[in-house]
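Summary of the model geometry
Here are the chains, one letter per residue:
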Amino acid sequence: MGSSLKSVPKPLSSSSVFQVPGLDSHEIDSIAEKTFERYSVKTANRNGKGIAIVWFRNDLRVLDNEALFKAWVSSETVLPVFCVDPRLFGTTYCFGFPKTGALRAQFLIECLDDLRKNLQKRSLNLLIQHGKPEEILPALAKDFGAHTVYAQKETCSEELQVERMVNKGLQQVALSPSTNAMNNPKLQLLWGSTMYHMDDLPFSINSLPDVYTQFRKSVEAKCKIRGCIKIPESLGPPPSIDDWGNVPSVEQLGLHSEKAG
């Protein structure tokens with residue numbers, strides 16, 4: 001009987017390193033530009049007055065950002081803000097584990113840099129300030145006479161506590177009657193972190209199915225995924241600000257640079 005010989009691959013050594021093929025910077029820019037063109041509109045109705053603030057949190061993007069779009073629609077000027085909250089780079093209450101490692105911090109830095117560049121392409125900029133949002137946002141709302149702070153709603157306890165403190169701080173800001181008809185700035189939170197919008201689910205949040213299959217079959221039969229929100233090609237004019245702040249480095253966040261292994 002004849003026997004067939006098969007080549008057996010040699011085992012990989014633990015020190016073997018494979019580079020994942022990637023795109024060069026020109027290819028990445030080309031793809032990004034086409035994506036922005038697809039989800040942009042040349043004209044859109046803008047009937048708002050005054051200044052609105054966009055508080056960027058975990059939604060560091062321009063495309064499909066309802067908070068950014070609603071701030072633009074409801075105002076004459078948009079002020080995008082990111083607060084470098086020192087609490088994000090501290091330790092956990094229990095056991096003292098670091099909340100943010102160097103690699104996660106580096107990812108955040110790259111996201112901020114990308115967000116700023118994309119806003120600048122649309123005639124805006126990103127104000128980067130170091131401090132607690134509940135102190136920074138009310139102060140900015142008072143200085144600029146902003147009528148609303150728009151932000152994406154979060155779900156975890158620490159983020160919810162910050163939302164409550166920001167809202168409380170805004171309630172203590174008195175706007176002049178000539179600036180806006182409202183007595184104080186409002187915090188407008190928008191849902192935008194899930195594929196299916198919370199308001200479109202066929203059941204209440206308190207009645208979510210315990211089994212994933214039940215959840216999947218229900219939403220597939222009764223829900224539709226909302227389309228992406230298209231952003232105007234120009235979001236300007238920007239407010240007059242002398243110093244927009246710099247994107248921080250890993251070291252400025254109190255961490256040491258690391259490389260992914």
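The present account deals with the structure reproduced in this document.

What counts, and where the lines are drawn
- Residues numbered from 1 in each chain as written.
- Predicted model: local features only at pLDDT ≥ 70, side-chain atom pairs only at ≥ 80, totals over all residues.
- Heavy atoms only, no water.
- Patch = residues over 30% accessible without salt bridge, like charges linked within 9 Å, V, L, I, M, F, W, Y side chains within 5 Å.
- Areas by Shrake-Rupley, 256 points an atom, 1.4 Å probe, with all protein chains shown as cover.
- Salt bridge = Lys/Arg side-chain N within 4 Å of Asp/Glu carboxyl O.
- Helix = DSSP H or I, 4+ residues; strand = E, 2+ residues; numbered from the N terminus.
- Buried < 20%, exposed > 50% of the residue type's maximum accessible area, 1.4 Å probe, protein only.
- Expected span 1.5 Å × (residues − 1).
- Contact = heavy atoms within 4.5 Å.
- Pairing = 2+ DSSP bridges.

**What about a nonpolar patch on the surface?**
- Together, L23, I28 and I31 make up an exposed nonpolar region whose accessible area comes to about 280 Å².
- Among the secondary structure elements, L23 is positioned in the segment before α1 (25–38).
- For L23, a relative accessible area of 47% translates into the label partly exposed.

**Some points on helix α4 (residues 133–144)**
- For α4, with 12 residues, the first-to-last C-alpha span of 16 Å sits near the 16 Å given by 1.5 Å per residue.
- Within α4, the full set of buried residues consists of P133, E134, I136, L137, P138, L140 and A141.
- Lining the buried residues of α4 we find β2 (51–56), β3 (77–84), β4 (127–130), β5 (148–152) and α5 (157–171).
- Directly after α4, the chain includes G145, whose backbone phi takes a positive value near 65°.

**Things to note about unusual backbone geometry**
- Look at the link from G236 to P237: it is a cis peptide, with omega at 5°.
- Inspection of the secondary structure assignment puts P237 in the segment after β7 (231–232).
- Even without being glycine, D64 reaches a positive phi, approximately 50°.
- Positionally, D64 belongs in the loop between β2 and α2 (66–73).
- Positive phi, close to 65°, is recorded for S123, a residue that is not glycine.
- Residue placement: S123 occurs in the loop between α3 (102–121) and β4.

**Quick look at the pairing of β5**
- For β5, the tally of buried residues reaches five of five residues, placing the bulk of the element in the interior.
- Residues T148, Y150 and Q152 line one face of β5 and the alternating positions V149 and A151 line the opposite face, and both faces are buried.
- In this structure, β2 lies alongside β5, joined through four bridges in parallel fashion. Residue pairing in the sheet places W55 in a bridge with A151 of β5.
- Two strands pair when backbone bridges link them, and β5 and strand β6 (residues 186–190) are joined in this way by five bridges, in the parallel orientation. By the bridge assignment for β6, V149 is matched with L187.

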